[in-house]
Amino acid sequence: MPIIRFEAADGSERTQIGEGLTRPAVEADRLETGRADGKYFLRHGDGCAVCGRAVEAGEPFYLDSEAGAVLCDEHGRERRGD
């Protein structure tokens, strides 16, 4: 599964995702369901797996589903080769 870029986080703990992104979220063990404000969410409250930087609302971030890692914009671009 490729490293996926998210344009903007919804908040510092989780971002709502569509059904098409549930598979990589499950693979990364980051899927959250059962919330009143939406059906599927990607958990990213632990921040970047490389530097620990928090993912804040409105910021881009990446998901490496094979590694189960959330990455900040800088480390995500680096790992993906952008």
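Above: the structure in question.
Residues numbered from 1 in each chain as written. Predicted model: local features only at pLDDT ≥ 70, side-chain atom pairs only at ≥ 80, totals over all residues. Heavy atoms only, no water.

Asker: How would you explain the packing of aromatic side chains if you had to name every residue and give the values?
Answerer: A full pass over the atoms with the stated rule returns one aromatic pair. For the ring pair F6 and F61, a centre distance of 4.8 Å and an interplane angle of 5° mean the geometry is stacked. Remark: F61 occurs in strand 5 (residues 61-64) and F6 occurs in strand 1 (residues 3-6); sequence separation between them is 55 residues. Taken individually, F6 and F61 each receive the classification buried, so the pair is uniform in this respect. Here the guanidinium or amino end of R35 rests over the ring plane of F41, the centre of that ring lying 5.7 Å away. (Phe/Tyr/Trp six-rings, centres within 6.5 Å; stacked < 30°, edge-to-face > 60°. Helix = DSSP H or I, 4+ residues; strand = E, 2+ residues; numbered from the N terminus. Buried < 20%, exposed > 50% of the residue type's maximum accessible area, 1.4 Å probe, protein only. Lys NZ or Arg CZ within 6 Å of the ring centre and 35° of its normal.)

Asker: Kindly report on the nonpolar core, identifying the contributing residues and their values.
Answerer: Counting twelve residues, the largest nonpolar core consists of I4, F6, A9, I17, A25, A28, Y40, L42, V55, F61, L63 and V70. Taken together, the elements giving at least two residues each to this core come down to strand 1, strand 4 (38-43) and strand 5. If we ignore the near neighbours within four places in the chain, the residues touching L63 are P2, I3, I4, F6, P24, A25, A28, R30, L42, A69 and V70. Among the nonpolar cores identified, the runner-up in size contains five residues, and I3, C48, L71 and C72 belong to it. (Core = buried A, V, L, I, M, F, W, Y, C linked by side-chain atoms within 4.5 Å. Contact = heavy atoms within 4.5 Å.)

Asker: Tell me about the side chain of T22, and name the residues and values.
Answerer: With respect to the helices and strands, T22 occurs in helix 1 (residues 22-27). Overall, the relative accessible area of 15% leaves T22 in the buried class. Non-local contacts of T22, meaning those with residues more than four positions away in its chain, are made with I17, L31 and Y40.

Asker: Break down the sheet that holds strand 5 for me, with residues and values.
Answerer: In spatial order, the strands read 1-5-6; together these three strands make up an open sheet with antiparallel pairing. The open sheet has two edge strands, strand 1 and strand 6 (69-72), and neither has a second partner. Taking each pair of neighbouring strands and ignoring which way they run, the sheet shows an average axis angle of 25°. In the sheet, strand 1 pairs with strand 5 via four bridges, with the strands oriented antiparallel. (Pairing = 2+ DSSP bridges. Axes fitted to C-alpha atoms, helices over the stretch in contact; angles between N-to-C directions.)

The values reported here are purely geometric and, on their own, carry no functional implication.
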